[in-house]
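For reference, the chains in residue letters:
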Amino acid sequence: MAIAHQFAYHKAATLDEAVEVLTRAGPTARVLAGGTDLVPWMRDDAVHPETVVDIKAIDALDEISLEGDHLYLGPLVTFSDLLTSELVADRLPILREMADTVASPGIRNRATVAGNICSAVPSCDAGPTLLVLEASVAVLGPNGARTVPIEEWFVGPRQTALEQGEVVTGLSIPIPDQPHGAIYLKLQRYEGEDLSQAGVTVLVTGNNVFRIAFGAVGPVPSRAHEIERFLAGRALSDGLIAEAQHLVLGAISPITDMRATREYRARICEVMLDRGLRAAVSRRDGNGPAYGTRLI
Amino acid sequence: MKLPINVTVNGETWPLDVEPNEILLDVLRNRVGAKGAKIGCERGDCGTCTILLDGRSVRSCLMLAVEADGHEITTIEGIPDNGVLSALQDLFISHNSFQCGFCAPGIVLGAHELLRDNPNPSRYDVQHALAGNLCRCTGYEPIIDAVLEAAGEDRS
Amino acid sequence: MTVTRQPFEAATPDDKLTYVGTSPPRIDGLDKVSGAARYVDDLDFGPDLLFAAVVETPHAHAIIKRIDTSRAEALPGVVKVVTGADFPFGFGLYMKDRYVFAQDRVRFVGEQVAAVVARDEGTAKRAVKLVDVEYEVLEPVFDPVFAASEDAPLLHPELKNYPHVPWFFPHNDTNIAHWRKTRKGDVEAAFAEADLVFEDTYTVPRYAHCAIEPHAVVSLYDRAGRLTMWSASQSPYTQRHVIAEALEPLGLTHQQIRVITPYVGGGFGGKAGVSMEIMGAALATAVQGHPVKLRFSREQEFYNTYQRQGLEARIKIGVTNDGTLTAIEHTMHWDAGAYVEYGANVVNAAGLSATGPYRVPNVKIDSLCIYTNLPPGGPYRGFGYSEFNFGLESHIDRIAHQLGMDPVEFRRKNAIVEGDTLSYGEKMNPSGLLECIDKVADAINWGTGEMSGDPNKVVGKGVALMWKAPAMPPNASSSSFLKFNEDGSINVTVSGMELGQGYLTVMAQIVGEVLAVPPEKIRVETPDTDRNPYEWQTVASHVTWGCGQAVEAAAIEAREKIFEVVHRVHGYEEDSLFLSKEAVRCTTDPDFELPLRDFVIAGIETADGSYRGGPIVGSGMFMPEFTSAKSDPETSQGGHPNVHYTVGAAGVVLEIDRQTGKMHVLRTALAVDAGKAINPDLVRGQIVGGLVQGLATVLYEDMRYDDNGRLLNPNFTDYKIPTSLDIPDEIIPIIVEVPQPDGPFGARGVGEHTMIPAAPMIANAVEDAVGVRIKSMPVTAEKVALSLWEGEN
Ligand code: FES
Ligand code: FES
């Protein structure tokens, strides 16, 4: 069935043109990249843009490249691109591990990483991982270009720092000091394509600096700074992990919904923190489970 | 307002005029006659609408028809080569890899993509690649077996 | 119990089967893998095809005060808007308690109150929003136990006036639409004498079939007044009949209605009977001359087709110390939903058989079909047995443990065998249940503990038995025509549906066996009520058995004609003739060989140049003449409601992560007594598919409603079904063959049965692994984890 409402479709040739059309069209305009969220949302009558600006005809937006000590992802980089990129496998295998949990090939071939954070559903898979990687989001708008640190990006469920007329032009991800280890744990009801019930990404660098972020257990994916501070510089032990687990409830605000109860989510986050910390450290030390191994 | 597009479907070029709000799946079925792409959920959850877009599996229910402009599409109708079924299709028959058959076109297309990208998949690879294509009838086992056999893997 | 029927006459003198018992390629294979298979929504109807969309109520229980269609009618592109006032007709399969469109009252969220027909789907959907309906909201009732009480609001004040089949017993002026009581022996005395009496309650939520093809129907009421429907259905003849009855006031008769069912994309009971198709039929009459398509969205598929009914079951069982079952009291409150025209028969079936496959001398079963303000309940693979088996087989396990007996041994000791008396007085048919139990126990190494390689995980084992009889009216019948073609190939027409189970192939094998023609030369056509002969419905796992007999009879009739003409021309005695390799041969003349293709159309030429014979055709019919639904309403004694039971057993080796509750099936085995597996690969396909579907109901799925009766997960995002990653590591299908005396070649049905033991075997394995007993389905990872944590605190 066609989407119920009519809208104008604009295929932009450049980012500047996209911004211009978006700005002119006002608040009811939406950017169309992979469309895997926008199209079903329109079909479900959940959003009603009057103008849709397709950016897929713009050149070179699907590049993954190394810029100094940063990995750059163009706004049209899909989850499949993350899975096949040697650069990603080599420098930031955590991105690959995360991408592997997203939906299924038919979605991953279209869905973009930038689109995932623009949709900003609380369970978005890219969220926790980009948070621990301290990515920044480059945007272009009527007032020019600016950069938004990922931690300021998520404003609420399906709400971001993106302003009217702006379009994401890329993600810049600092590659942590070597050696580092990281893991994305995603609790899902089904082993196959499913949304996250609760997720956590843990990253640890050589000097036992931990970065931890949770997804699907609060209105937005969020960093667990208090747990990070507690763990900073300390060597993992059963006791330390147990103490860190006590801090989990302060870091998350889970709710009960279709996919899980608040209680289950909360407790599972403790389990995932335990497994995540151990796996991240062992990966850093070169003896952890291979990236892509499911530990939950 | 109708927009002119050109899509190639199973090797034939189709110039079409489409409204921006038309879904590719509907256009393929109703205007091109490619009925092998099925309507199962219309929100990206089931995979029955799977097509290959420039060789990669996508869900045609999640695409506007206008987005297909200039692209090459393969549906199940385009898989046989001069009327000869692919080896995988033959194996689907010998393994009873379908029952009602409604999921089969999408799964065959997804499996073709997998085997092209990964000619020696493990059982897990096959399961993982097809995890977005729902089948209520078969329990998947005969599907996985057929794909593995197509890959030449000898499974005992 | 057994029907008197001629034993199978072998096609060849040595009685060796050629095609039955083999697994030739499915005859629908090429269609389905090539994309050639056409389902209803794939058919083309030309430029005058119209599209319908349904106006649905947002209320679970309300009086319709007023409907204003004027704004919708004014929308350009809208052809017609209809409401309940246009079709004030009741309908229903077993009880006429449903309406084409709601009349004065709506009874579940999503119920149809009106519909729009427009030139395109988008316009129809837009117009739906312009139909204004004013409601007076009434108090809804969702809990079946409360609904059965006197304090509950009455949902169907007209219950006493609804026509229904004679084996239903409605309780007027209550919400109890049917109450099946089965009584045998004296349960009270038996409980008093038992060494152990144990009682508990189990709950089962509602489930959705999730056939991947949504319901669709295209209906054309042509300018000559004929109604043709292309329907995604398991039940073409039943649809014709129910629709002819309902729309009779419009002048429609059976003769004037034609139902065509092309390939269907899965049914599982959801496409049995008549649900949304009644709207399609009615709408067609409102736009005469135009075909009109009604295709349900996935959401509608969830909330306005049949759902599997919810169940609250109280089970009390008495045993003696030596492990003998002496009494069972099983009280089932069924959440049957807003209309029970089909669902009441599910309740009825359970009410006759809720002892499970056990020998129990004292039985008291109460099965109550209760109206609630949720969507209509109906048939779903297992037809009541999947539902009650969760509680029953959980309870059996718990009693075995309390007795200190091995659960497999306890089941073995009490398992029903041929000749045992059933709850309603009849005798049990031949059954390989003990063999099934032993083979399953063997396959999962029952009695041997297993360890997980992961320190967080533990492994448990569980078993469950199952049985099921087809739930059919006593006169449910089948028929078949067959004809030869010039090349000796055969066309068979039947009106059973190919739902994916492989029915067409099995029918071809039966015909092929009798006529010595390979199945690939036999085309079996999907139904068209104008051309194919009668079949009741493709439900109840009965078509292999019932329609198989009709097909076999048609083939035998054709064979008799063949022998008769050969006898006339060549003089051989008819009983010396036999068929082999597509030719007629003779036991008394080894040199005689007459290929079928030489004469089955053209006849046999005689010396004078004239011909004998003619196109060979055959017809066959079948009705289980030994059944009867007549019995004492207070005890169910006296009738013969079921043709036979198919039995089986299943077992599982389950790994559980103690920290998360996540479960993974390492191995599962299911043995079913197929009587005779006409096509063993297809039986195995039913085992694997049915087990995975059964595992889905226990490990993952359930329908969730909010406090207002609105379904919260009408989509595959949140009512998800297992994916290719959510299946057991290993599935071991086991076929047991204790012949059914009246089945074609000894076969009986297995399609539904493979789903039935899945739920309790998981619950039993969970207890075995982690010591937690979950008494409500589904047994999700979350539920297991929460129970474990509760135990820790
Ligand atoms: S119809 Fe496209 S994924 Fe279901
Ligand atoms: S064969 Fe029926 S859905 Fe897969």
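Residues numbered from 1 in each chain as written. Chains lettered and ligands numbered in written order. Predicted model: local features only at pLDDT ≥ 70, side-chain atom pairs only at ≥ 80, totals over all residues. Heavy atoms only, no water.

Here we look at the overall build of chain A
Using the following cut-off: Strands are runs of DSSP state E lasting at least 2 residues, helices are runs of H or I lasting at least 4, and numbering of each runs from the N terminus. Radius of gyration means the value over C-alpha atoms here, while the globule rule gives 2.2 Å times the residue count to the 0.38 power. Each residue is assigned to one of three classes by its accessible area relative to the maximum for its type, calculated with a 1.4 Å probe on protein chains only: buried under 20%, partly exposed between the two thresholds, exposed over 50%. In what follows, residue pairs with any heavy atoms lying within 4.5 Å of each other are defined as contacts. For accessible areas, the Shrake-Rupley method is used with a probe of radius 1.4 Å. Any residue's cover is judged against the shown protein chains and nothing else. Positive charges are assigned to Lys and Arg, negative charges to Asp and Glu, while His and the chain termini are left out of the count. Throughout, a charge is located at the NZ atom of Lys, the CZ atom of Arg, the CG atom of Asp or the CD atom of Glu.
If you tally the helices and strands in chain A, you get 13 helices and 14 strands. Rg of the C-alpha trace for chain A: 19 Å, near the compact-globule value of 19 Å for 296 residues, within the 12% margin. Judged by the C-alpha coordinates and their principal axes, chain A covers about 60 × 45 × 35 Å. Considering chain A as a whole, with its 296 residues, one finds that 62% of them fall into the buried category. For chain A, restricting intrachain contacts to residue pairs at least 6 apart in sequence, the fraction spanning at least 24 positions comes to 60%. Of the accessible surface of chain A, which amounts to about 10,800 Å², a share of 49% is contributed by carbon and sulfur atoms. Distance between charge centroids for chain A: 5 Å, based on 26 positive and 37 negative side chains.

Description of the sheet that holds strand E7 (residues 144-149) of chain A
Paired through backbone hydrogen bonds, the strands of a sheet run either parallel or antiparallel to each other. All names here are of chain A. To keep it simple, the criterion reads: When DSSP finds at least two bridges between two strands, those strands are taken to pair. Angles shown run from 0 to 180 degrees and are taken between the N-to-C directions of axes, each axis being a line fitted to C-alpha atoms and, for helices, limited to the stretch in contact.
The antiparallel open sheet is built from five strands, whose spatial order is E4-E5-E10-E6-E7. The open sheet terminates on both sides in strands that have one partner only, identified here as strand E4 (64-67) and E7. Pairwise comparison of adjacent strand axes, ignoring direction, gives a mean angle of 25 degrees for this sheet. Bridge count between strand E6 (residues 136-141) and strand E10 (residues 167-174): five bridges; the pairing is antiparallel. Its bridge partner being in E10, serine 136 is matched across the sheet by serine 172.

Concerning the interface of chain B and chain A
This is how it is decided: Joining two parts hides part of their accessible area as seen by a 1.4 Å probe, and the buried area is that hidden amount summed over both. Salt bridges are identified by distance alone: a Lys or Arg side-chain nitrogen within 4 Å of an Asp or Glu carboxyl oxygen. Any pair of nitrogen or oxygen atoms within 3.5 Å is treated as a polar contact; in protein, a donor-acceptor pairing is required on top of that, and neighbouring residues in sequence qualify only through side-chain atoms on both sides. By the convention adopted, Pro, Cys, Tyr, Trp, Phe, Met, Ile, Leu, Val and Ala count as nonpolar, Lys, Arg, Asp and Glu as charged, and the other residues, Gly among them, as polar.
In this complex, chain B contributes 29 residues to the contact, which on the side of chain A involves 34 residues. Carbon and sulfur atoms make up 50% of the area that chain B and chain A hide from each other, which totals about 2,400 Å². Between chain B and chain A we count six salt bridges in total. Note that aspartate 69 of chain B and lysine 11 of chain A form a salt bridge whose closest N and O atoms lie 3.6 Å from each other. On the surface where chain B and chain A come into contact, there are eleven residue pairs in polar contact (both at pLDDT 80 or more). Going through the elements one at a time, strand E4 (56-59) and helix H4 (123-129) of chain B are the ones with two or more residues in the side of chain B that touches chain A. At four residues, the largest contribution of residues to the side of chain B that touches chain A is made by E4 of chain B. Residue composition of the side of chain B that touches chain A, by class: 14 nonpolar, five polar and ten charged.

Some details on the environment of alanine 8 of chain A
All names here are of chain A. Its location among the elements puts alanine 8 in strand E1 (residues 8-11). Sequence separation between alanine 8 and valine 52 is 44 residues; the distance between their C-alpha atoms is 6.1 Å. Not counting residues up to four positions away in its chain, the partners in contact with alanine 8 are Glu50, Thr51 and Val52.

Some thoughts on the interface of chain C and chain B
Counting residues at the interface gives 52 residues for chain C, matched by 38 residues for chain B. At the boundary of chain C with chain B, total buried surface from both sides reaches about 3,800 Å², with 57% on carbon and sulfur atoms. Among the residues of chain C in contact with chain B, Val33, Ile212 and Ser724 of chain C are the three that bury the most area, contributing 18% of the side total. Seen at the junction of chain C and chain B, the total is seven salt bridges. Across the salt bridge formed by arginine 29 of chain B and aspartate 41 of chain C, the nearest N and O atoms sit 3.1 Å from each other.

A short note on empty space enclosed by the protein
Residue and element names in this part refer to chain C. Our working rule: Put plainly, a pocket is an open set of points on a 1 Å grid over the protein atoms alone with protein on both sides within 12 Å along at least five of seven lines, a cavity is a set where a 1.4 Å probe fits but cannot get out, and a lining residue has an atom within 4 Å of a point. Grid points are joined across faces, edges and corners, and a volume is the space filled by probe spheres set on the points.
A full pass over the atoms with the stated rule returns 13 cavities of 30 Å³ or more. Roughly 600 Å³ of internal volume is contained in the largest cavity. Considering every element that reaches the lining of the largest cavity, the biggest residue donor is helix H15 (residues 680-699), with three residues. Across the lining of the largest cavity, the residue classes tally to 21 nonpolar, 16 polar and four charged. There is about 190 Å³ of room inside the second largest cavity. Lining the second largest cavity are 20 residues; nearest its centre among them are Trp167, Asn348, Leu352, Ala629 and Pro641. Top contributing element to the lining of the second largest cavity by residue count: helix H9 (residues 343-353), with five residues.

Here we look at the domain arrangement of chain C
All names here are of chain C. In plain terms, the rule: What fixes the domain bounds is an automatic or database domain assignment.
Partitioning chain C into structural domains gives domain 1 (29-37 + 477-622), domain 2 (45-138 + 227-235 + 243-252 + 261-291) and domain 3 (310-472 + 629-792). Look at where the C-alpha atoms of domain 1 and domain 3 centre, and you get two points 39 Å apart. With 19 residues of domain 1 at the interface, the matching set in domain 3 holds 23 residues. The junction of domain 1 with domain 3 conceals about 1,600 Å² of combined surface from both sides, 66% of it contributed by carbon and sulfur atoms. Considering only the side of domain 1, the residues that lose the most area to domain 3 are Ala540, Ser541 and Trp545, jointly responsible for 40% of the buried surface there. Here domain 1 and domain 3 share zero salt bridges between them. Those elements that provide at least two residues to the side of domain 1 that touches domain 3 are helix H13 (503-515) and helix H14 (546-570). With six residues, the top contributor of residues to the side of domain 1 that touches domain 3 is H13.

Topic: the packing of aromatic side chains
All names here are of chain C. Operational definition: Think of it this way: a Phe, Tyr or Trp ring, Trp meaning its six-membered ring, pairs with another when their centres are within 6.5 Å, and the plane angle makes it stacked under 30 degrees, edge-to-face over 60, tilted otherwise. A positively charged side chain is recorded as over a ring if its NZ (Lys) or CZ (Arg) lies within 6 Å of the ring centre. The angle to the ring normal must also be within 35 degrees.
Tallying each qualifying case throughout the model produces 22 aromatic pairs over all chains. Consider the rings of tryptophan 467 and tyrosine 645, whose centres lie 3.8 Å apart with planes at 10 degrees: the pair is stacked. Taken as a pair, tryptophan 467 in strand E20 (residues 457-468) and tyrosine 645 in the loop between strand E29 (617-622) and strand E30 (646-657) lie far apart in primary sequence, 178 residues in all. The burial state of tryptophan 467 is the same as that of tyrosine 645; both residues are buried. Put simply, the rings of Tyr94, Trp167, Phe168, Tyr306, Tyr342 and Phe383 touch in pairs and so form one group of aromatic residues. Its end group placed over the ring of tryptophan 179, lysine 181 keeps NZ or CZ at 4.9 Å from the ring centre. Sitting over the ring of tyrosine 380, arginine 308 keeps its end group 5.8 Å from the ring centre.

Section: the environment of proline 142 of chain A
Residue and element names in this part refer to chain A. Position of proline 142 among the secondary structure elements: in the loop between E6 and E7. On the basis of relative accessibility, which here comes to 44%, the residue proline 142 falls in the partly exposed class. Sequence spacing of proline 142 and glutamine 164 is 22 residues, and the spatial spacing of their C-alpha atoms is 8.6 Å. What proline 142 contacts, discounting residues up to four positions off in sequence, is Val19, Thr23, Gln164, Gly165 and Glu166.

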